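Residue-level structural notes
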Amino acid sequence: MGFLILHGWQNRRPPEHWQHWLAGQLTDLDHQVDYPQLPDPDEPDLERWLAELTTRLDGLDGPRTVIAHSLGCLLWLNGAARGLITTPVDRVLLVAPPSIAVTRSHPEIAAFAPATLIPAEVAAASRYTRLVVSDDDPYAPEGAAVEDYGKPLALDIDLLRGGAHLNHESGYGPWPAVLTWATSPDPSPPISL
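Turning to the packing of helix H2 (residues 46-58) against helix H3 (residues 71-81), a few remarks are in order. Relative to each other, H2 and H3 sit at 75°, their axes nearing to 10 Å. As summarised for this structure, H2 and H3 are arranged roughly perpendicular, according to the angle between their axes. The segment H2 lies against H3, with Leu 46, Trp 49, Leu 50, Leu 53 and Leu 57 engaging Leu 71, Leu 75, Trp 76, Asn 78 and Gly 79. Per-class residue counts for the contact of H2 with H3 are eight nonpolar, two polar and no charged.

What the rule picks out here adds up to three aromatic pairs. Aromatic side chains Tyr 172 and Trp 175 sit 4.7 Å apart centroid to centroid with 55° between the ring planes, which places their arrangement in the tilted category. The pair Tyr 172 / Trp 175 is uniform in exposure class, with both members buried. When the ring centre of Tyr 35 is taken as reference, the NZ or CZ atom of Arg 13 above it lies at 5.3 Å. When the ring centre of Trp 181 is taken as reference, the NZ or CZ atom of Arg 91 above it lies at 5.1 Å.

So, how was this worked out
- Residues numbered from 1 in each chain as written.
- Predicted model: local features only at pLDDT ≥ 70, side-chain atom pairs only at ≥ 80, totals over all residues.
- Heavy atoms only, no water.
- Axes fitted to C-alpha atoms, helices over the stretch in contact; angles between N-to-C directions.
- Helix = DSSP H or I, 4+ residues; strand = E, 2+ residues; numbered from the N terminus.
- Parallel < 35°, antiparallel > 145°, perpendicular 65-115°, else oblique.
- Contact = heavy atoms within 4.5 Å.
- Nonpolar A, V, L, I, M, F, W, Y, C, P; charged D, E, K, R; others polar.
- Phe/Tyr/Trp six-rings, centres within 6.5 Å; stacked < 30°, edge-to-face > 60°.
- Buried < 20%, exposed > 50% of the residue type's maximum accessible area, 1.4 Å probe, protein only.
- Lys NZ or Arg CZ within 6 Å of the ring centre and 35° of its normal.

See below:
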């Protein structure tokens with residue numbers, strides 16, 4: 001299996017982050033893993049990130065899985081909305097996407113806020129997509145990620161209690177439940193803390 005792991009805004013792939021840990025675990029299991037440092041993480045350019053997305057996807061073999069965190073989720077959704085994912089991936093995990101309102105409130109990332117999301121476009125990019133969010137994420141206050149993405153796109157949703165932004169600063173280094181989901185033949189079981 002091939003895995004593409006997409007980080008978020010201001011992320012330089014710190015070793016303490018669960019995505020870094022996951023990349024190592026998947027590599028140790030002999031999976032193909034691409035965990036790129038996307039260009040200019042402090043002032044990301046959507047077009048450059050979309051070019052990276054399509055290039056990286058084209059380089060993956062076999063069943064492909066995308067695991068995105070934060071702004072990486074919006075990168076995926078923009079790629080799907082624009083029809084750039086020409087061959088659907090097997091599964092996608094979207095973890096802690098920022099709300100549309102929060103994204104628009106930051107000039108550095110405002111271009112990533114999707115104008116519209118059409119369920120058929122997202123479904124066409126992946127055979128299965130799951131959303132994992134926290135009930136107290138400062139980047140998605142008051143359940144905004146569920147309202148902005150989960151419900152409109154009819155995604156399976158895991159709502160985790162007290163996980164904040166589900167990053168290393170929130171205590172998410174090793175996250176075995178994500179590894180289990182990534183390597184399981186069935187993507188439907190929920191992801192837990």
